[in-house]
Amino acid sequence: IIALPDIHNQAKRIARIGPQLAEADLVLLPGDLTNSGEVADATNLLDMVKAHCPQVLAVTGNWDSDAIEAYMTEQGINLHVTWRKVGDLNFVGLGGALPFLGRLEYSEADYERFTAQIAETLKKPLVLVSHQPPFNTRNDRTARGAHVGSRAIRAFIEEHQPLACFTGHIHEAIGVDTIGKTKIINPGRRAYAHIEISANSVDSIAIIDPNT
């Protein structure tokens with residue numbers, strides 16, 4: 001799997017890693033494809049990714065829009081409170097973010113409701129794709145040291161222990177952390193994550209900055 005969050009309309013990020021995308025079995029886009037919220041921009045970026053790897057799953061970020069989420073649903077790639085199975089793995093996602101900036105903002109009460117919906121139809125082995133990171137990890141810590149993640153998402157991870165949670169949103173909160181047995185992965189805005197994962201375990205994780 002390659003995970004590429006927070007593209008923010010930077011098509012060059014996709015073009016730069018075309019060969020790596022072509023070798024992936026699956027590309028995950030954990031939100032903020034665009035800055036504009038325009039479907040045309042999202043379509044262009046998704047087409048670029050699919051030209052290298054046709055198997056793509058995504059959630060929206062706070063800078064995307066309801067229209068982009070609807071387009072993703074039409075394309076069969078939207079994961080927001082929606083299950084998709086790839087191989088032996090069950091993927092589900094959470095779009096948007098807690099109130100900050102942008103167009104798609106949800107409250108903690110919203111995320112409690114979303115995670116309850118997911119739990120009602122829980123499928124394992126599970127991989128979570130959430131633009132909003134869980135609370136109190138290296139992946140939700142801002143440059144000023146504040147933890148701004150979601151407590152509801154953390155509670156879901158603590159209880160249900162997905163194999164991995166791919167996230168983004170906090171550009172500077174780069175790295176890999178753990179909640180119990182769950183690997184939390186945020187490659188940031190410049191890099192991408194390369195992960196080998198099976199039905200029972202995350203076998204390897206690398207965060208790669210193609211600019212270096």
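Everything here concerns the structure above.
Before going into details, it helps to say that this report is about the structure given with it. Bear in mind the structure is a predicted one, so any value in this text is a computation, not a measurement.

Moving on to the nonpolar core. Counting residues in hydrophobic clusters, the biggest one holds 22 residues, and the most contacted among them are L4, I14, V27, L29 and L46. Counting residues per element, the ones that place at least two in this core are β2 (27–30), α3 (39–52), β3 (56–59) and α4 (66–75). A per-element tally of this core places α3 first, with four residues. When neighbours within four sequence positions are excluded, V27 is seen to be in contact with I2, L21, V49, C53, Q55, V56 and L57. Counting residues in hydrophobic clusters, the runner-up holds 20 residues, among them L79, F91, A193 and I197.

Strand order in this open sheet of five strands is β3-β2-β1-β10-β11, and the pairing throughout is mixed. Single-partner strands in this sheet number two, and they are β3 and β11 (202–208). The pairing of strand β1 (residues 2–3) with β2 spans two bridges and is parallel. Residue pairing across strands places I2 opposite V27, the latter belonging to β2.

Taken N-terminus to C-terminus, the directions of α3 and α4 make an angle of 40°; their axes are 9 Å apart at the nearest point. Overall, the two elements α3 and α4 adopt an arrangement that is oblique. α3 and α4 meet at a crossing whose hand is right-handed. Packed against α3, whose contacting residues are V39, A42, T43, L46 and K50, the element α4 presents A67, I68, Y71 and Q75 at the interface. Among the residues forming the contact of α3 with α4, the class breakdown is six nonpolar, two polar and one charged.

This brings us to the side chain of N186. As for its position among the elements, N186 is in strand β9 (residues 182–186). At 3.1 Å, the side chain of N186 and the backbone oxygen of I170 are in polar contact. In this view, N186 contacts P5, N139, T167, G168, I170, A173, I174, G175 and I207; residues no more than four positions away in its chain are not counted.

We now examine α3. Between the first and last C-alpha of α3 there are 20 Å, a value that for 14 residues agrees with the 20 Å anticipated at 1.5 Å per step. Residues of α3 that are buried: A42, T43, L45, L46 and V49. Taken together, the buried residues of α3 touch α1 (11–16), β2, β3 and α4.

Reading the values: the criteria
Residues numbered from 1 in each chain as written. Predicted model: local features only at pLDDT ≥ 70, side-chain atom pairs only at ≥ 80, totals over all residues. Heavy atoms only, no water. Core = buried A, V, L, I, M, F, W, Y, C linked by side-chain atoms within 4.5 Å. Buried < 20%, exposed > 50% of the residue type's maximum accessible area, 1.4 Å probe, protein only. Helix = DSSP H or I, 4+ residues; strand = E, 2+ residues; numbered from the N terminus. Contact = heavy atoms within 4.5 Å. Pairing = 2+ DSSP bridges. Axes fitted to C-alpha atoms, helices over the stretch in contact; angles between N-to-C directions. Parallel < 35°, antiparallel > 145°, perpendicular 65-115°, else oblique. Left-handed = near helix turned anticlockwise from the far one by under 90°. Nonpolar A, V, L, I, M, F, W, Y, C, P; charged D, E, K, R; others polar. Polar contact = N/O pair within 3.5 Å; in protein donor to acceptor, adjacent residues only side chain to side chain. Expected span 1.5 Å × (residues − 1).

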